[in-house]
Amino acid sequence: MSYTVPSFRHPNLPRNELGYTSKDYEGAVSTLCAGCGHDSISAAIIDACFQMSIQPHRVAKLSGIGCSSKTPTYFLGNSHGFNSVHGRMPSVATGANMANRNLLYIGVSGDGDTASIGMGQFVHAVRRNINMVYICENNGVYGLTKGQDSATTDLGSKSKKGDPSPYEPIDLCALSLQLGATFVANSFSGDKDQLVPIIQAAIAHKGFAFINVISPCVTFNNVSSSTKAYDYMRQHMASTNTVDYVPTADEITTDYQEGTTERVTMHDGSYLNLHKLEAQHDIHSRRSALKLMKDYGAEDKVLTGVLFIDETTQELHEIMKTTKTPLRNLTEKELCPGADALEKLNNQFR
Amino acid sequence: MKPTDTENPEYFHRVVDCQHACPAHTPVPEYIRLIAAGRYEDAYMINWESNVFPGILGRTCDRPCEPACRRGRIEDKPVAICRLKRVAADMKENVQARMPKIPKKKNGLKVALIGAGPASLTVARDLMPLGYEIDLYDATPKPGGYMRQQIPSFRLPERVIDEECGYILDMGVTSYFNHRVESMKALLDQAYDAVFVGTGAPSGRRLPLPNYDAVEGTGVQLGVEWLANVAFDHIDSAPEDVLVIGGGNTAMDCCRTALRLGAKNVKVMLRTPISAMLASPWEIEDTQAEGIPILENYNPAEYVVEDGKLTAMKFEIIEYDVAEDGTEVFIPTGKIETIDASLVLLAIGQNNAFPWIEKDLGIEFNQRGLAEVNPDTFQSTLPQVFFGGDAALGPKNIITAVAQGHQAAISIDQFLQNKSVEDRPAPHTNLMSQKMGIHDWSYSSAVSDEERQKVPHAPLAEALKSRKLEVELGFDDKLAFEEAQRCLNCDVQTVFTADKCIECDACVDICPVDCLTMTPNDEEAVLRQKLTVPAENLDEPLFVSEALQTERVMVKDEDVCLHCGLCAERCPTSAWDMQKYNYKTAKAGSSPRESVVNA
Ligand SMILES: Cc1cc2nc3c(=O)[nH]c(=O)nc-3n(C[C@H](O)[C@H](O)[C@H](O)COP(=O)(O)OP(=O)(O)OC[C@H]3O[C@@H](n4cnc5c(N)ncnc54)[C@H](O)[C@@H]3O)c2cc1C
Ligand SMILES: Cc1ncc(C[n+]2csc(CCOP(=O)(O)OP(=O)(O)O)c2C)c(N)n1
Ligand code: SF4
Ligand code: SF4
Ligand code: SF4
Ligand SMILES: [Mg+2]
């Protein structure tokens, strides 16, 4: 077993605007099972950050517990990280974000971590519109604890050693939409062409960006009776759209056909070009997204792509009108203005 | 692209860059692993099978393998393949018992070999175990040809030549030394069943400028003749001022030898800049390390002779350029310089000469003075006469002579067994999985970060005292191990089974050098550009799989694959496997197959 990857990289590896190669965005060698979908998602995050020339030291990775939650070790080795407690990543992310709004927060969780033990935390993070990327690596099982069904296991889906699931699944995309998430996407670890630009779009999005990624667990749930297997996804995946993330600096050279391509301008001036595959869908309408997901579901199809985006919202700091300065850059005096200031504040509410 | 046919023995052979580049296709990674394991005799014998002179070549080979080495494409320097070969030769114990058995009962066929250089000795090595009777003729007193007569002892000690030529003569070759063959006709009349000409390229090129006749053979000598005289102890000193004309390896050997024979001012005079020299880079390096100046852009103009003796040489300074079509241009500047010299050594090339082959025997010659020889079979236009080594296609090097000797031996055997000489036996190949456990390989798959190890040299002052003291000391076992670990094991192939692949991306993601891509198929030029990192090195092939479930194909750019095995380790279905590819060129006596594969 190799615990290290050779230090050599392709001599012609491209460099991004910062002069970094993708190697500068790698992490430690994965200890996940060979073929685990989660590893592909890590690779997609690396690719997205590399392409966007994100400074690794300006990123904080946050996670809970699970195979999925282990993955931040395997990407962005030069970034900050907090591997928290099972289901508690949203609280840690909220706290970190409140303390320093200048970092890019990437939360990684699993379906167990999010939809079971962490559900209470998750819904509030969505509702508060914390400025972060939240990726749920959804394999329909508790991988780390050896493959028990999770709350996202589809009704009737059967894992390698289990019985068909007797319960209705929690649909995390639908839930997020209902809770007011401002960016919702669904994707598949086995389709990087789709996943990488979605992650880029989520990073560019201001506010809570939720990406549910179906990510097969090769060890416990990659069987023909499972709806979260590679084969199932390849046969049942449908897409609302494909996305191109266009950084501000890039001149727009391609002419897209009117009506099939929609351009969404992000808060930082970058663009998303959404090439519609589903003509019915209005990307700015929660109702349209929910209806379409239901319609596809009724036909045994899994709808993927960017489902919803609201690029005009206010994120938590803006809502709360907090200071623009990270707390660590404030003096003690500013952080603790004294009893008089408190008194004044309290008086406002009397 | 069409799916790659890995059944073609040449596909995986091509991936083993060093072995492919070696004219004799020595299985380099295999013997390097054996050296790392301390199995020096095994490493030696693998070499010996392919290249016959591991100890000699481990010191002197032109090393076409090293510029080909993949390691040179991922970092600066290739593996020191040549010096590792020497380690096997230096550290082995007795290998005599492992030499092939020679049948007591002969097959009744008799072959004459003319010249006892590496080409002829290789033919003898291949034919003796098959029961042929062999007569070997050489004009000089000892076997080895130019290896003994030309390559100075400070690069190649005599004992190594004695040992390795000995293994072959000891097979029962009947040798006739001090016996120059003066007439091919006479030889053919002696009822040999076949004749092999391995007489080399024995005549040095002359440079007849003004006053040449007055000093030819005294003040001006041909480098190859002078070196041979030194080798046989006919010359044991050099005058103070020596000029060597030429920029090839012979020039390097001449100047370094002169320095050891007492010359005080030795200079190498080039017509070109140093960058255009023909000598191997390491020979130039060693020459400069010994303090010998190499002067650029000096075009020889005239020998200066006083009282019948050479005193100096005149040169015209020129400007050197290379025209667009690649031809060299020498532009005279009009400036003339005279440099003192009492000996000028000419090292400006060699010619072939066959005055002893009568022109009416049916052996046809071309305009270059070389016999018409089939470059695959080495048969001449007189069917029972074969050529090999420098005598066949012009001066090259030892390993080429050996490779041609092997091919000529196959031809002679086919010819004498009444089989078609054109029908070449196919190589022996096999593929063997290296899987030991889920993530365990039977080769050391980790990639060493060590830089190329330097070979220790004898102290310069000592080295210059004697022409016989070997300059390079060779690796010790520790250095050898470190260097051996740098080998990437390119013969351990990544073997792909398309119908096992579930397209999980694990291999693509883990590959440290981004050689894998899953993508819709296309024609090669497009595919090369579509890869994760575009495949710009057109010399290296792409592997393209059968269509996968999604109709995409798995494409591997072989260029910089580290053979680290991570793709196979991360693959959940063993769609990738690491398999050792054994490729052995056919030898005389192996039976030909129907299909002919061109190497
Ligand atoms: C100075 C110098 C340095 C070199 N250094 C290297 C090196 O470092 N590495 C390398 O790979 N190559 C080197 N070479 C080249 C290499 O020596 C030759 O390419 C190689 O030896 C050719 O082998 P061969 O078997 O064809 O013939 P040779 O080795 O040339 O042997 C031919 C033999 O035939 C004999 N002969 C010729 N005519 C007759 C006749 N009519 N009757 C009987 N015998 C005859 C000659 O005496 C000689 O012994 C060097 C060459 C020179 C000149
Ligand atoms: C408080 C607490 N409860 C239970 C566990 C046991 N546990 C560890 S991981 C896990 C489920 C992880 O499932 P998921 O989030 O889907 O991650 P996966 O391994 O499938 O990627 C559980 C229940 C724990 N570590 N901590
Ligand atoms: S158990 Fe499943 S989820 Fe966990 S690493 Fe293995 S394949 Fe991935
Ligand atoms: S062996 Fe596999 S993982 Fe390693 S460099 Fe080659 S293709 Fe990449
Ligand atoms: S790791 Fe194996 S199964 Fe996965 S994509 Fe690569 S070859 Fe296919
Ligand atoms: Mg899970």
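Note that the structure is a prediction, hence the values are computed from the model and not measured.

Rules of the game
Residues numbered from 1 in each chain as written. Chains lettered and ligands numbered in written order. Predicted model: local features only at pLDDT ≥ 70, side-chain atom pairs only at ≥ 80, totals over all residues. Heavy atoms only, no water. Helix = DSSP H or I, 4+ residues; strand = E, 2+ residues; numbered from the N terminus. Rg over C-alpha atoms; globule rule 2.2 N^0.38 Å. Buried < 20%, exposed > 50% of the residue type's maximum accessible area, 1.4 Å probe, protein only. Areas by Shrake-Rupley, 256 points an atom, 1.4 Å probe, with all protein chains shown as cover. Lys, Arg positive; Asp, Glu negative; His and termini not counted. Charge placed at Lys NZ, Arg CZ, Asp CG, Glu CD. Domains from an automatic or database assignment. Contact = heavy atoms within 4.5 Å. Buried area = accessible area lost by both parts, 1.4 Å probe. Salt bridge = Lys/Arg side-chain N within 4 Å of Asp/Glu carboxyl O. Polar contact = N/O pair within 3.5 Å; in protein donor to acceptor, adjacent residues only side chain to side chain. Nonpolar A, V, L, I, M, F, W, Y, C, P; charged D, E, K, R; others polar. Donors = N, O, S within 2.8 Å, 3.2 Å for Na, K, Ca; no water. Near = heavy atom within 4 Å. Phe/Tyr/Trp six-rings, centres within 6.5 Å; stacked < 30°, edge-to-face > 60°. Patch = residues over 30% accessible without salt bridge, like charges linked within 9 Å, V, L, I, M, F, W, Y side chains within 5 Å. Axes fitted to C-alpha atoms, helices over the stretch in contact; angles between N-to-C directions. Parallel < 35°, antiparallel > 145°, perpendicular 65-115°, else oblique. Left-handed = near helix turned anticlockwise from the far one by under 90°. Pairing = 2+ DSSP bridges. 1 Å grid on protein atoms, 1.4 Å probe; cavity = no way out; pocket = protein on both sides within 12 Å on 5 of 7 lines; lining within 4 Å. Points joined across faces, edges and corners; volume = space filled by probe spheres on them.

Focus on the overall build of chain A
So, step 1. Helix and strand counts for chain A stand at twelve helices and 13 strands.
So, step 2. In summary, chain A has a C-alpha radius of gyration of 21 Å against a globular reference of 20 Å for 350 residues, a match within 12%.
So, step 3. Considering only C-alpha atoms, chain A reaches an extent of 65 × 50 × 50 Å along its principal axes.
So, step 4. Classification of the 350 residues of chain A by burial places 53% in the buried group.
So, step 5. A total of about 16000 Å² of accessible surface is found on chain A, and carbon and sulfur atoms cover 51% of it.
So, step 6. The centroid of the 31 positive side-chain charges in chain A is displaced by 7 Å from the centroid of its 36 negative side-chain charges.

Examining the domain arrangement of chain B
All names here are of chain B.
So, step 1. Domain annotation for chain B reports domain 1 (13-97 + 446-458 + 469-485), domain 2 (99-202 + 352-416), domain 3 (205-349) and domain 4 (492-584).
So, step 2. Listed per partner, the contact involves six residues of domain 1 and seven residues of domain 3.
So, step 3. Interface area for domain 1 against domain 3, summed over the two sides, is near 410 Å², with a carbon-plus-sulfur share of 44%.
So, step 4. Together, Asp62, Arg63 and Val471 form the three largest contributors to the area buried by domain 1 at its contact with domain 3, with a combined 73%.
So, step 5. For the pair domain 1 and domain 3, the number of links is zero salt bridges.
So, step 6. Linking domain 1 with domain 3 are zero residue pairs in polar contact (both at pLDDT 80 or more).
So, step 7. A class-by-class count of the residues in the side of domain 1 that touches domain 3 yields two nonpolar, one polar and three charged.

Observations concerning the coordination of the magnesium ion (ligand 6)
All names here are of chain A.
So, step 1. With distances of 2.1 to 2.2 Å, the protein atoms coordinating the magnesium ion (ligand 6) are Asp111 (OD), Asn139 (OD1) and Val141 (O).
So, step 2. All donor residues of the magnesium ion (ligand 6) come from one chain, and their arrangement in sequence is D-x27-N-x1-V. We note that Asn139, like Val141, is buried.

Side note on the interface of chain B and chain A
So, step 1. Each partner contributes residues to the interface: chain B has 33 residues there, and chain A has 27 residues.
So, step 2. Its largest share of buried area at the contact with chain A, chain B owes to Asp509(B), Val533(B) and Arg570(B), together 22% of the area lost on that side.
So, step 3. Joining chain B to chain A, the criterion identifies three salt bridges.
So, step 4. Among the ionic pairs, Lys192(A) bridges to Asp509(B), the shortest N-O distance being 2.6 Å.
So, step 5. Seen at the junction of chain B and chain A, the total is eleven residue pairs in polar contact (both at pLDDT 80 or more).
So, step 6. If you list the elements that add at least two residues to the side of chain B that touches chain A, you get helix 7 (71-74), helix 21 (506-510) and helix 23 (566-570) of chain B.

Remarks on the site of ligand 3
So, step 1. Around ligand 3, the neighbouring residues are Leu32(A), Cys33(A), Cys36(A), His38(A), Cys67(A), Asn139(A), Gly143(A), Cys217(A), Val218(A), Thr219(A) and Phe220(A).
So, step 2. Split by residue class, the shell around ligand 3 holds seven nonpolar, four polar and no charged.

Structural notes on the environment of Leu345(B)
Residue and element names in this part refer to chain B.
So, step 1. Relative to the assigned elements, Leu345 resides in strand 13 (residues 343-346).
So, step 2. The class of Leu345 is buried, set by a relative accessible area of 0%.
So, step 3. For the pair Leu345 and Glu482, spaced 137 residues apart in sequence, the C-alpha to C-alpha distance is 41 Å.
So, step 4. Aside from chain neighbours lying at most four places away, what touches Leu345 is Gln221, Trp226, Val242, Leu243, Val244, Ile245 and Cys254.

With respect to the packing of aromatic side chains
All names here are of chain B.
So, step 1. Following the criterion strictly, the structure yields 22 aromatic pairs over all chains and no others.
So, step 2. Plain terms: the ring middles of Phe354 and Phe365 are 5.7 Å apart, the flat faces sit at 45° to each other, and that makes the pair tilted. In this pair, Phe354 sits in the loop between strand 14 (350-351) and strand 15 (385-387) while Phe365 sits in the loop between strand 14 and strand 15, placing the two residues eleven residues apart along the sequence.
So, step 3. Residue classification places Phe354 among the buried residues on the basis of a relative accessible area of 6%.

A closer look at the site of ligand 4
So, step 1. Around ligand 4 sit 13 residues, and of these Cys511(B), Cys561(B), Leu562(B), Cys564(B) and Cys567(B) come closest.
So, step 2. Residues belonging to the shell around ligand 4 are distributed by class as follows: nine nonpolar, three polar and one charged.

Regarding the pattern of salt bridges
Residues and elements named next belong to chain B.
So, step 1. Using the criterion set out here, one finds 50 salt bridges over all chains in the structure.
So, step 2. Note that Arg73 is salt-bridged to Asp17, the shortest N-O span being 3.1 Å. Of this pair, Arg73 sits in helix 7 while Asp17 sits in helix 2 (residues 17-21), and the two are 56 residues apart along the sequence.
So, step 3. Of the residues examined, Arg73 reaches a relative accessible area of 22% and is grouped as partly exposed.
So, step 4. By relative accessible area, Asp17 is classed as buried at 4%.
So, step 5. In this structure, the salt-bridge partner of Asp522 is Lys530, at a minimum N-O distance of 3.9 Å.
So, step 6. According to the relative accessible area criterion, Asp522 is partly exposed, its value standing at 28%.
So, step 7. Looking at Lys530, the relative accessible area reads 34%, which means it is partly exposed.
So, step 8. Taken together, the shared-partner salt bridges connect Arg14, Asp17, Arg70, Arg73, Glu540 and Asp559 into one network.

Topic: a negative patch on the surface
So, step 1. Together, Asp76(B), Asp449(B), Glu450(B), Glu451(B) and Glu482(B) give the surface a local cluster of negative charge.
So, step 2. Asp449(B) gets classed as exposed once you look at its relative accessible area, which sits at 51%.

Let's talk about a nonpolar patch on the surface
Residues and elements named next belong to chain A.
So, step 1. Together, Leu342, Leu345 and Phe349 line one region of the surface with nonpolar side chains, adding up to about 350 Å² of accessible area.
So, step 2. Relative to the elements of secondary structure, Leu345 occurs in helix 12 (residues 339-348).
So, step 3. Using a relative accessible area of 42% as the deciding quantity, one classes Leu345 as partly exposed.

What to know about the side chain of Asp138(B)
Residues and elements named next belong to chain B.
So, step 1. Its place among the elements puts Asp138 in the loop between strand 2 (133-137) and helix 10 (146-149).
So, step 2. Nearest to the buried, unbridged Asp138 among oppositely charged side chains is Arg180, at 7.2 Å.
So, step 3. With near-sequence residues (within four places) excluded, Asp138 lies in contact with Gly115, Ala116, Gly117, Gln149, Tyr176, Phe177, Asn178, His179 and Arg180.

Details of the packing of helix 3 (residues 28-36) of chain B against helix 20 (residues 477-485) of chain B
All names here are of chain B.
So, step 1. For the pair helix 3 and helix 20, the least separation of the axes is 9 Å and the interaxial angle reads 140°. The orientation of helix 3 with respect to helix 20, classified from their angle, is oblique. The element helix 3 and its partner helix 20 pack so that their crossing is left-handed. Residue-level contacts link Ile32, Ile35 and Ala36 of helix 3 to Ala480, Phe481, Ala484 and Gln485 of helix 20.
So, step 2. Looking at the contact of helix 3 with helix 20, its residues break down into six nonpolar, one polar and no charged.

Some words on the sheet that holds strand 3 (residues 104-110) of chain A
Residues and elements named next belong to chain A.
So, step 1. Pairing within the open sheet is mixed, and its eight strands lie in the order 2-1-3-4-8-7-13-9. Sheet topology places strand 2 (80-83) and strand 9 (237-239) at the edges, where each strand pairs with a single neighbour. Averaged over neighbouring strand pairs, the angle between their axes works out to 20° when direction is ignored.
So, step 2. Of the pairings in the sheet, the one linking strand 7 (residues 183-188) to strand 13 (residues 302-309) comprises four bridges and is antiparallel in character. If you follow Asn186 over to strand 13, its bridge partner there is Gly305.
So, step 3. Helix 7 (residues 192-204) rests against strand 3, strand 4 (132-138), strand 7, strand 8 (208-214), strand 9 and strand 13 of the sheet, and its axis sits at about 160° to strand 7.

Regarding the sheet that holds strand 22 (residues 552-557) of chain B
All names here are of chain B.
So, step 1. Here three strands make up an open sheet; going across it, the order is 20-22-21 and the pairing antiparallel. Every other strand in the sheet has two partners, leaving strand 20 (516-520) and strand 21 (542-544) as the edge strands with one partner each. Pairwise comparison of adjacent strand axes, ignoring direction, gives a mean angle of 30° for this sheet.
So, step 2. Strand direction decides the pairing type here: strand 21 and strand 22, joined by three bridges, are antiparallel. When the bridges of strand 22 are listed, Leu542 appears paired with Asp557.

Things to note about empty space enclosed by the protein
All names here are of chain B.
So, step 1. In total, this model carries eight cavities of 30 Å³ or more according to the counting rule given.
So, step 2. Reported here for the largest cavity is a volume of approximately 120 Å³.
So, step 3. Along the wall of the largest cavity there are 13 residues; nearest its centre are Arg59, Arg83, Arg155, Asp286 and Glu472.
So, step 4. Broken down by secondary-structure element, the contributors of at least two residues to the lining of the largest cavity are helix 5 (54-60), helix 8 (81-91) and helix 16 (281-289).
So, step 5. Residue contributions to the lining of the largest cavity peak at three residues, all from helix 16.
So, step 6. Residue classes in the lining of the largest cavity are distributed as three nonpolar, one polar and nine charged.
So, step 7. Built from parts of two domains, the lining of the largest cavity gets at least three residues from each of domain 1 (13-97 + 446-458 + 469-485) and domain 3 (205-349).

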